[in-house]
Amino acid sequence: MDKKLEEALDFSNYRFTLNTRKQNLKMRMRSMLTVGYNNTIFTASMELINFSKLVIDAGSEKYVFMDDNENPVMIKDVKDFNARLLGAYTNALNEYYVENEKLKKLRTTKQLIGIQ
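So, a few notes on the structure that sits alongside this text. All chains use their own residue numbering, which begins from 1 and follows the written sequence. For this predicted model, a pLDDT threshold of at least 70 governs which residues receive local features, and a threshold of 80 or more governs which side-chain atom pairs are given and counted, while totals over whole chains, interfaces and linings are taken from all residues. Note that water and hydrogens are dropped before the side-chain values are worked out from all heavy atoms of the structure.

A word on the overall build of the chain
- Runs of E in the DSSP output that reach at least two residues are strands. Runs of H or I that reach at least four are helices, and both are numbered from the N terminus. A tally of helices and strands in the chain yields 4 helices and 4 strands.
- Across its three principal directions, the C-alpha atoms of the chain cover 70 × 25 × 20 Å.
- Note on classification: 1.4 Å probe, protein chains only; a residue is buried when its accessible area is under 20% of the maximum for its type, exposed when over 50%, partly exposed between these limits. When each of the 116 residues of the chain is scored for burial, the buried share is 24%.
- In this analysis, two residues are considered to be in contact whenever any of their non-hydrogen atoms come within 4.5 Å of each other. Once local pairs closer than 6 in sequence are excluded, the contacts in the chain between residues at least 24 apart make up 60%.
- For accessible areas, the Shrake-Rupley method is used with a probe of radius 1.4 Å. Any residue's cover is judged against the shown protein chains and nothing else. For the chain, the accessible area works out to roughly 8,400 Å², and carbon and sulfur atoms hold 54% of it.
- His is not counted, nor are the chain ends; Lys and Arg add positive charge and Asp and Glu add negative charge. Charge coordinates come from a single atom per side chain, which is NZ of Lys, CZ of Arg, CG of Asp or CD of Glu. Of the charged side chains in the chain, 18 are positive and 15 negative, and the gap between their average positions amounts to 5 Å.

Structural data, given as structure tokens:
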């Protein structure tokens, strides 16, 4: 095989593998952002975290929020709810950052798949 063709194939395999790893990392982060609360599912987002903090700052201890399925849910302890959302968001983002930094340092397909 021509050397240039072989290099192109190696680079193509590297890019494909890198993109696959990045997509898997994003999916992992999305799953880590899922918070179960009062038998409902919420996704920890900056908007929901900030809104729940606004509700706390307004002096409300309980409030009705929309869950991921667009059902209204009475949250009786907004401070606990906010803490769980913030914890999930922080953990997911930190793990995403650490793993993404590791990916940036891997320069070959073998390194990406963990052979070297």
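The discussion continues.
Remarks on the pairing of strand 1 (residues 34-37)
- Of the two faces of strand 1, the one holding V35 and Y37 is buried and the one holding T34 and G36 is not buried anywhere.
- Examined bridge by bridge, strand 1 and strand 2 (residues 40-43) share 4 bridges and lie antiparallel to one another. Each residue of the ladder has a partner; that of T34, found in strand 2, is T43. If DSSP finds at least two bridges between two strands, the strands pair.

Digging into the packing of aromatic side chains
- The pairing test for Phe, Tyr and Trp rings, Trp by its six-membered ring, is centres within 6.5 Å, and the orientation test on the planes gives stacked under 30 degrees, edge-to-face over 60, and tilted for anything in between. Overall, the coordinates contain 7 aromatic pairs when judged by the stated rule.
- A centroid spacing of 5.1 Å and a plane angle of 65° characterise the contact between Y37 and F81, whose relative ring orientation is edge-to-face. Highlighted residues: Y37 in strand 1 and F81 in helix 3 (residues 78-105), separated in sequence by 44 residues.
- For F81, a relative accessible area of 0% corresponds to the buried category.
- Taken together, Y37, F42, F51, Y63, F65 and F81 form an aromatic cluster joined through their ring pairs.

Some points on a positive patch on the surface
- On the surface, R15, K22, K26 and R30 cluster together into a patch of positive charge.
- Checked against the element boundaries, K26 lands in helix 1 (residues 3-32). Here, patches come from residues exposed beyond 30% relative accessible area and free of salt bridges, joined within 9 Å for like charges and within 5 Å for nonpolar side chains (Val, Leu, Ile, Met, Phe, Trp, Tyr). Salt bridges, as used here, are contacts in which a Lys or Arg side-chain nitrogen is within 4 Å of a carboxyl oxygen on Asp or Glu.

Comments concerning a nonpolar patch on the surface
- A contiguous nonpolar patch, built from F51, L54 and Y63 and spanning about 270 Å² of accessible area, is present on the exposed surface.
- Position of Y63 relative to the elements: it lies in strand 3 (residues 63-66).
- Classification of Y63 as partly exposed rests on a relative accessible area of 32%.

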